[in-house]
Every structure is written in structure tokens, then in C-alpha cells.
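Structural overview
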Amino acid sequence: MQTSHAKRAFKFRFYPTEAQAAELLRTFGCVRKVYNMALAARTEAWTLRRERVNYNATSSMLTAWKKTEELAFLSEVSSVPLQQALRHLQGAFSNFWQRRAKYPRFKSKRKSCDSAEYTTSAFRYRGGGITLAKMSEPLDIVWSRPLPEGASPSTVTVTRDAAGRWFVSMLCGDPGVRPLPLVDAAVGIDVGITSLVTLSSGQKIANPKHERKDRERLAVAQRELCRKARGSKNREKARVKVARIHARIADRRRDFLHKLTTRIVRENQTVVIEDLSVRNMLKNKRLARAISDASWSELRTMLNYKCAWYGRELVTIDRWFPSSKLCNVCGVVRVDLPLNVREWTCDCGAVHDRDVNAARNILAAGLAVAACGDGVRPQRSTPSGRSSMKQEVVPPQRMHAAAQP
């Protein structure tokens, strides 16, 4: 049965008619309005009366809002996306209470991505087409790949990005997501900027630096945007041009990371990585742009869910483990190892490439952690006087080059 299959989202681009686009834009506006009003009500209730307002209470508020003359327009769109917005707000508060996220923020018309989620009662999937509530015609979807055989979407999410592109994401049960055959292989991964990842096998995957390749085009487009008058149509055209360049960079980066992580997961039974605090590393103004372009967080996210999908083990070790300074042959930790030293010779005679040595030590530490039955090495608090920055990001002589446009 489909319910036994893992859920997977399939995203496609579509081209709405004028009527469909108008309906979706109205729905986006109502979703944003309901979310912000519910957030304001919950915040006010807690601030003034120390009262927690749950989803059921906000749902009752929505019913009352629709009956008012001022908010009667909320009844003109499908009620399902509005209810889903309240459920998402409840999830945001749950994450906040459990300290997994910050306090929910209001949705901005300009800065937030437009989206609306439809459940099975608000769309019809028939003959390979999706027809949403309040619409008479199916969406003109570009089916870049087929849905799994016999699959039927449980939810449909429609989005419009900053570049004005429309996408529909369908959540389906995918029989193709199942554990892969066991393999007798494990790999340690050391991330970097010059080499995006270095594997314990000695292989280095070069960093494509997608943002750097389009940096000149992006700078020209941003200068043109700055010269346009605020609120003018020309400024909106210039904004879309900048957004399209950003979207192209993000699409290419995501495609590369998908191919890389899928290959790593398929070829190895155990994958070991470092628990890096990328958010803190981005505080380095000279390297923030290069670190963002490398997208280490997205790399880890992909490894995390793909290992769960395909029955692989992902082991995370402490970020303070001295992977670069530890000799993987004799186990002696070198006291001083400046960042400009990319190759070094241990007292035992072993010659090490800094990144390869780090990847091999990460693998050894991860296998030791896995053997103890603990998938994640316990975290230690940041030592006094030590930065949470990854110490072997890039040698000093390359710092200036990495920060230059």
C-alpha cells in the first residue's frame, strides 16, 4: 500500500493562466494575512495575559474573522490553505517552545516566498493533472519526470519564487525510497572551500563556486537595481532580473549537491562528517561569502535525509576533534600546524596532505563512535578563548583571494 512507502516531495514548474494566477495571488495574500493575524493574537495573549493560544483557538478566530465586513474577502478563497497556515504557525510555536527555532516572525509581502498548501479535500488529481479548489481548469505542469507508479499526492503546495517562477510540489509515497543493499565501505568527509569535500579515500571534489562564476553579472544587475526609483515598474523589472540570477546560482548549486550526496550515500554504508557550526562561521566577514557559496549546511541536510532513506548510517563527530593535527598513522597530535601548511611530515616519517589526513581521522573517529553505539559524539561547550570557526577552512594566503570579487 502507498501508506507503507516513504513520503517524498516531487517539485515541478507550471505556467498558470491569467485567471489561475489571479486566484493564487489572492490566496497567497489571504494566507499571509491569516498567519500574521494569528501570530499577533497569540503574541498579545501571551504578553498581556500569559495565555497560550493553540491551533483550535486560532481556527475559531478565523471563522469569526470571515464573518466581519472588513475581512469578508477571506471567504472568497479556499479555506484549506488558510487552515494549513494556522497549522504551520502551530508547528513554528512548537519548535520555539522546544528550543529548535527562534520565535515565529511575521510574513512580509516583499521578503517572504508566496506559498499555499492544499490537502486532498482542496484539489483533484485525475488523468495526470492537478486541479485546485476554486479553479475550473488543471494546472499546466511541465512534467520533468513521472510520479511513482500508482502514487497519488496527499498534499499539494503551490509557490512563486522571487524570480516570478511558479512551482507545484506534490507529496507522494515513493516505493523507490527503500534501503539499498549493504556495502562494505565507509567514508570520512572533510569540507572546505578550495575543495568542497575531501574524502578519506584521498579523492578531492573541487568546489564549483557557482556564485563566483555569476558574480560579475550579479554585480551589474544590482547596480542597475540601485539606480531605479523606488516603487517604479522599472525597479520591479530590475529586481526580477537580480532574482533570476540568484535563482540560477541556487539551482546549479542544488543540482551539484544532489548528485554528489547521492553518489556518496550509494557507495558507502557509513558516512562520517564533522558537526560544524556554519552559522558562527559566517560571522567571519572575509570568508562568509565563500562559505555561503559552498553551502555546507545544505550538504549535511541532504546527507542526513538520504542516509535515512536508503538505510545508511550518518555519524557526526565533535567539531573540536583535532582532525588535521592528528597523525592517522601513529596517533600523535602535532602541537603547532599553521593554516598555510597544507602538507606536513610527522615524526614517524608519514607525509600527510592536510585535508586527506583530516578526512581519514574523521572516518576513524566516526567508526569508533559507531562501535560504541552512539551515532553522535557528545558536544562540548566552546573552550574559553577559542572561536567556533572551523580552523582548517582555508590557508591565510588564500583568504584574501577568497574574499575578493
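Remember, predicted model here, so these are calculated numbers, not experimental data.

**Remarks on the domain arrangement of the chain**
Domain annotation for the chain reports domain 1 (7–173) and domain 2 (179–207 + 258–375). Centre-to-centre, using C-alpha coordinates, domain 1 lies 38 Å away from domain 2.

**Here we look at the pattern of salt bridges**
Applying the stated criterion to the full structure yields 22 salt bridges. The partner of D114 in a salt bridge is R160, with the nearest N and O atoms 3.3 Å apart. Of the two residues, D114 sits in strand 2 (residues 114–119) while R160 sits in strand 6 (residues 155–160), which places them 46 residues apart along the sequence. Residue classification places D114 among the buried residues on the basis of a relative accessible area of 11%. Here the salt bridges share partners, and the residues they tie into one network are D161, R165, D251, R254 and E298.

**Description of empty space enclosed by the protein**
Unoccupied space between atoms shows up once a probe the size of one water molecule is rolled over them. Applying the stated criterion across every chain, the model contains two cavities of 30 Å³ or more. Its boundaries defined by the atoms lining it, the second largest cavity holds a volume of some 40 Å³. Lining the second largest cavity we find L196, N207, P208, K209, H210, R253, F256, L257, D293 and A294. Residue assignment for the lining of the second largest cavity shows that the elements contributing at least two residues are helix 6 (233–267) and helix 8 (288–294). In terms of residue count, helix 6 provides more of the lining of the second largest cavity than any other element does, three residues in total. Residues that form the lining of the second largest cavity fall into these classes: five nonpolar, two polar and three charged.

**Description of helix 5 (residues 215–227)**
In this model, helix 5 (13 residues) spans 19 Å end to end at C-alpha, consistent with the 18 Å of a helix rising 1.5 Å per residue. Buried within helix 5 we find R215, L218, A221 and L225. One side of helix 5 carries all its buried residues, which in axial view fall inside an arc of 125°. Exposed and oriented more than 90 degrees from the buried face of helix 5 are E216 and R227. Taken together, the buried residues of helix 5 touch helix 4 (210–213), helix 6 and helix 8.

**Quick look at a positive patch on the surface**
A contiguous patch of positive charge on the surface is contributed by K102, R105, K111, R279 and K283. Within the secondary structure, K102 is located in the loop between helix 3 (79–97) and strand 2.

**Points about the packing of helix 1 (residues 18–49) against helix 3**
Taken N-terminus to C-terminus, the directions of helix 1 and helix 3 make an angle of 40°; their axes are 9 Å apart at the nearest point. One finds that helix 1 runs oblique with respect to helix 3. Judged by the twist between their axes, the crossing of helix 1 over helix 3 is right-handed. Only P81, L82, A85, L86, L89, Q90, A92, F93 and W97 of helix 3 make contact with helix 1, whose side of the interface consists of T27, C30, V31, V34, Y35, A38, L39 and R42. Looking at the contact of helix 1 with helix 3 residue by residue, the classes come out as 14 nonpolar, two polar and one charged.

**Description of the sheet that holds strand 5 (residues 141–142)**
Taken in spatial order, the five strands line up as 2-6-7-1-5 in an open sheet, and their pairing is antiparallel. On the outer flanks of this sheet lie strand 2 and strand 5, each paired with one strand and no other. Judged from the six bridges that link them, strand 6 and strand 7 (residues 166–174) form a sheet pairing that is antiparallel. Of the residues in strand 7, the one forming a bridge with V158 is V168.

**Observations regarding the pairing of strand 2**
For strand 2, the buried fraction is high: five of the six residues fall into the buried class. As paired elements, strand 2 and strand 6 share six bridges and run antiparallel to each other. By the bridge assignment for strand 6, E117 is matched with T157.

What counts, and where the lines are drawn
Here, residues in each chain are numbered from 1, in the same order as that chain's written sequence. Per-residue local features of the predicted model are confined to residues with pLDDT of at least 70, and side-chain atom pairs are confined, for both listing and counting, to 80 or more; whole-chain, interface and lining totals are unaffected and use all residues. As a convention, hydrogens and water are excluded, and side-chain values are obtained from all of the structure's heavy atoms. As annotated, the domain borders come from an automatic or database domain assignment. Salt bridge criterion: a side-chain nitrogen from Lys or Arg within 4 Å of a carboxyl oxygen from Asp or Glu. Numbering of helices and strands starts at the N terminus; helices are DSSP runs of H or I of at least 4 residues and strands are runs of E of at least 2. Only protein chains enter the calculation, and the probe is 1.4 Å; a residue is then buried if its accessible area is under 20% of its type maximum, exposed if over 50%, and partly exposed in between. Using protein atoms alone on a 1 Å grid, points that fit a 1.4 Å probe yet trap it form a cavity, whereas open point sets bounded by protein on both sides within 12 Å along at least five of seven lines form a pocket; residues with an atom within 4 Å of a point count as lining. Grid points are joined across faces, edges and corners, and a volume is the space filled by probe spheres set on the points. The residue classification treats Ala, Val, Leu, Ile, Met, Phe, Trp, Tyr, Cys and Pro as nonpolar and Asp, Glu, Lys and Arg as charged. All others, Gly included, are polar. Residue count minus one, scaled by 1.5 Å, sets the expected span of a helix. Taking the helix axis as origin, the arc is that swept by the directions to the C-beta atoms. Contact between two residues is taken to exist if any of their heavy atoms lie within 4.5 Å; hydrogens are not considered. Patches were defined on residues exceeding 30% relative accessible area and lacking a salt bridge, with like-charge contacts within 9 Å and nonpolar side-chain contacts (Val, Leu, Ile, Met, Phe, Trp, Tyr) within 5 Å. Shrake-Rupley sampling with a 1.4 Å probe provides the accessible areas, and residues are treated as covered by the protein chains on show and by no other component. Asp and Glu count as negative and Lys and Arg as positive, but His and the ends of the chain are not part of the count. All charge positions are set by atom: Lys at NZ, Arg at CZ, Asp at CG, Glu at CD. Every axis in this analysis is a line fitted to C-alpha atoms, fitted for helices over the stretch in contact. Angles between the N-to-C directions lie between 0 and 180 degrees. Each angle gets one of four labels, with under 35 degrees taken as roughly parallel, over 145 as roughly antiparallel, 65 to 115 as roughly perpendicular, and the rest as oblique. Crossing handedness is read from the near helix: turned anticlockwise from the far helix by less than a right angle, it gives a left-handed crossing, and turned clockwise, a right-handed one. Pairing between two strands is assigned when DSSP locates at least 2 bridges connecting them.

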